[in-house]
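Report on the structure
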Amino acid sequence: GTKPLPASACPAEPAQPEDGKGERLNLIIDVHAKRALERLALCYGVTQKEMIKRLALGAERAALEKVAALPTGYADYYDGRLRLDNDKVTQ
């Protein structure tokens, strides 16, 4: 007969957010950005995945504050038609 594989040899289930909804992000980033991500995650006591989530949501909140003053700002933003100055992504 065949022996079952030890648990350590079996791939782990992919981690899912609490609500069960998640999408894979597969990318290669600049080494300086990766090290910054590692430091930020350690500094705030969260995972790198959680840090990326917080950074993205924070940047979106900042963008939404900027578009609030535009007549069609929200619609343009959510439809992907709005372009903001990319030098101020985190400001």
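None of the values given here were measured: they were computed from a predicted structure.

Now for the overall build of the chain. The secondary structure content of the chain amounts to three helices and zero strands. Taken from N to C terminus, the helices and strands of the chain fall in the order α-α-α. For the chain, the proportion of contacts with a sequence separation of at least 24, taken over those separated by at least 6, is 11%. When the accessible surface of the chain is split by element, carbon and sulfur atoms take 57% of a total near 8,300 Å².

To continue, consider the pattern of salt bridges. Overall, the coordinates contain five salt bridges when judged by the stated rule. With a shortest N-O distance of 2.8 Å, Asp76 and Arg81 are connected by a salt bridge. Overall, the relative accessible area of 17% leaves Asp76 in the buried class. When salt bridges that share partners are traced, they join Lys34, Arg35 and Glu38 into one network.

Together, Leu25, Leu27, Ile29 and Ile52 give the surface a local cluster of nonpolar side chains, amounting to about 370 Å² of exposed area. Relative to the helices and strands, Ile52 resides in helix H2 (residues 48-67).

So, about H2. Taking 1.5 Å per residue, 20 residues should reach 28 Å; H2 reaches 29 Å between its end C-alpha atoms and fits that length. When we look at burial in H2, the residues that qualify are Met51, Ala62, Ala63, Leu64 and Val67.

Attention now moves to the packing of helix H1 (residues 31-44) against H2. Between H1 and H2, whose axes approach to 9 Å, the crossing angle comes to 95°. Comparing the axis directions of H1 and H2 gives the class roughly perpendicular. Facing H1, whose interface residues are Lys34, Leu37, Glu38, Leu40, Ala41 and Tyr44, H2 presents Gln48, Met51, Ile52 and Leu55. Looking at side-chain class alone, the contact of H1 with H2 contains seven nonpolar, one polar and two charged residues.

With that out of the way, let us pick up H1. Taking 1.5 Å of rise per residue, the 14 residues of H1 would be expected to cover 20 Å, and the 20 Å separating its terminal C-alpha atoms lies within 8% of that figure. Where H1 starts, the residue carrying a side-chain oxygen 2.8 Å from the main-chain nitrogen of His32 turns out to be Asp30. Note on H1: the residue one or two positions beyond its end, Gly45, has a positive phi of about 70°.

In this section: the confidence of the model for the chain. On average, residues of the chain carry a pLDDT of 82, and 75% of them reach 70 or more. By mean pLDDT, helix H3 (residues 73-78) is the weakest element of the chain at 91, and H1 is the strongest at 97.

What counts, and where the lines are drawn
Residues numbered from 1 in each chain as written. Predicted model: local features only at pLDDT ≥ 70, side-chain atom pairs only at ≥ 80, totals over all residues. Heavy atoms only, no water. Helix = DSSP H or I, 4+ residues; strand = E, 2+ residues; numbered from the N terminus. Contact = heavy atoms within 4.5 Å. Areas by Shrake-Rupley, 256 points an atom, 1.4 Å probe, with all protein chains shown as cover. Salt bridge = Lys/Arg side-chain N within 4 Å of Asp/Glu carboxyl O. Buried < 20%, exposed > 50% of the residue type's maximum accessible area, 1.4 Å probe, protein only. Patch = residues over 30% accessible without salt bridge, like charges linked within 9 Å, V, L, I, M, F, W, Y side chains within 5 Å. Expected span 1.5 Å × (residues − 1). Axes fitted to C-alpha atoms, helices over the stretch in contact; angles between N-to-C directions. Parallel < 35°, antiparallel > 145°, perpendicular 65-115°, else oblique. Nonpolar A, V, L, I, M, F, W, Y, C, P; charged D, E, K, R; others polar. Polar contact = N/O pair within 3.5 Å; in protein donor to acceptor, adjacent residues only side chain to side chain. pLDDT = per-residue confidence, 0-100.

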